[in-house]
Amino acid sequence: KSQIRNAATVIVLRDRHTSPRILMGQRGAQAVFMPNKFVFPGGAVDPDDARIELAPPVPEAQARRLCARPVTASCPGPSAMVAAAIRELWEEAGQILGTPGAWQGPLPDDWAAFARAGLRPVGDRLRFIFRAVTPPGRTRRFDARFFLARAEDLATDPDDFSRATGELSHLHWIALTEARGLDLPFVTEVVLAEAEAVLKAGRIDSVPYFDNSGAESVFRRIA
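One structure accompanies this document, and this report is about it. (Residues numbered from 1 in each chain as written. Predicted model: local features only at pLDDT ≥ 70, side-chain atom pairs only at ≥ 80, totals over all residues. Heavy atoms only, no water.)

For the rest of this paragraph, the subject is the overall build of the chain. Broken down by element type, the chain carries four helices and eleven strands. The C-alpha radius of gyration of the chain comes to 16 Å, within 12% of the 17 Å expected for a compact globule of 223 residues. Dimensions along the principal axes, computed over C-alpha positions, put the chain at roughly 45 × 40 × 40 Å. Taking all 223 residues of the chain together, the buried fraction comes to 49%. Contacts in the chain between residues at least 24 apart in sequence constitute 69% of all its contacts with a sequence separation of at least 6. When the accessible surface of the chain is split by element, carbon and sulfur atoms take 49% of a total near 10,400 Å². (Helix = DSSP H or I, 4+ residues; strand = E, 2+ residues; numbered from the N terminus. Rg over C-alpha atoms; globule rule 2.2 N^0.38 Å. Buried < 20%, exposed > 50% of the residue type's maximum accessible area, 1.4 Å probe, protein only. Contact = heavy atoms within 4.5 Å. Areas by Shrake-Rupley, 256 points an atom, 1.4 Å probe, with all protein chains shown as cover.)

Put into structure tokens, the structure is as follows:
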């Protein structure tokens, strides 16, 4: 039985008022989880993410939603989830969601290059828009929180992927209306539809949650 791990994923959106585009990349053919699929930057929450101090912190309403209905034995706090999303965006796309300033708190190895850029991670630039637990029977299972970010909040050149680790190939900005033409995991297609809905509504009243933690799949909404 695969253990469920907490994970964070980032949908970065640019040109949202004209021709919205999102950042995606392709997983390697040898990847154990979702090989060859086009995905958003993201990955598991690491223990060190809980040590990262975000300034400003995660907004209270969002923090409450992030911690609702835990399915893992040790659910990370909202700051750890947001920090993981920011770290994964940095590692997989070479993009920094941060603000100029001296580093605060401990400096784990995974964050050293981020800190050297003279930036610190911020807790209020990501919007929690979707959550899904991987169904039973998969090689790896995640309780994934999906966040929406704006390209204008990046402290880096959105077209420069030179600092990415190479975990994702074919990093590029694709029109939101064309993304479904890529080879996508099912959950990514669902998240794309939710991102479009949030973009049109301009607000988040509740967060869709595909709960596959048990024997039956349950669709919930986190208010």
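There's more to say after this.
So, on to the packing of aromatic side chains. Both the distance between ring centres and the angle between the ring planes are used here to describe each pair of aromatic rings. Tallied over the entire structure, the rule returns eight aromatic pairs. Ring pairs connect the aromatic residues W90, W103, W111 and F114, which therefore count as one cluster. Geometry around W173 places R14 over its ring, the cationic atom sitting 4.8 Å from the centre. (Phe/Tyr/Trp six-rings, centres within 6.5 Å; stacked < 30°, edge-to-face > 60°. Lys NZ or Arg CZ within 6 Å of the ring centre and 35° of its normal.)

Quick look at unusual backbone geometry now. The amide bond that connects A55 to the next residue, P56, takes the cis arrangement and shows omega of 0°. As for its placement among the helices and strands, P56 is situated in the loop between β4 (42-44) and α1 (60-66). Positive phi is not limited to glycine here, since D15 has a value of about 55°. Take D15: it is sitting in the loop between β1 (4-14) and β2 (21-27). For R69, which is not glycine, the phi torsion reads 50° and is therefore positive. Secondary-structure assignment places R69 in the loop between α1 and α2 (78-93).

Our focus in this paragraph is the side chain of Q95. Relative to the elements of secondary structure, Q95 occurs in the loop between α2 and β5 (98-100). A distance of 2.9 Å separates a polar side-chain atom of Q95 from the backbone oxygen of D157. There is a polar contact of 3.0 Å between the side chain of Q95 and the backbone oxygen of D160. Those residues in contact with Q95 that lie beyond four places of it in its chain are L89, W90, L154, T156, D157, P158, D159, D160 and F161. (Polar contact = N/O pair within 3.5 Å; in protein donor to acceptor, adjacent residues only side chain to side chain.)

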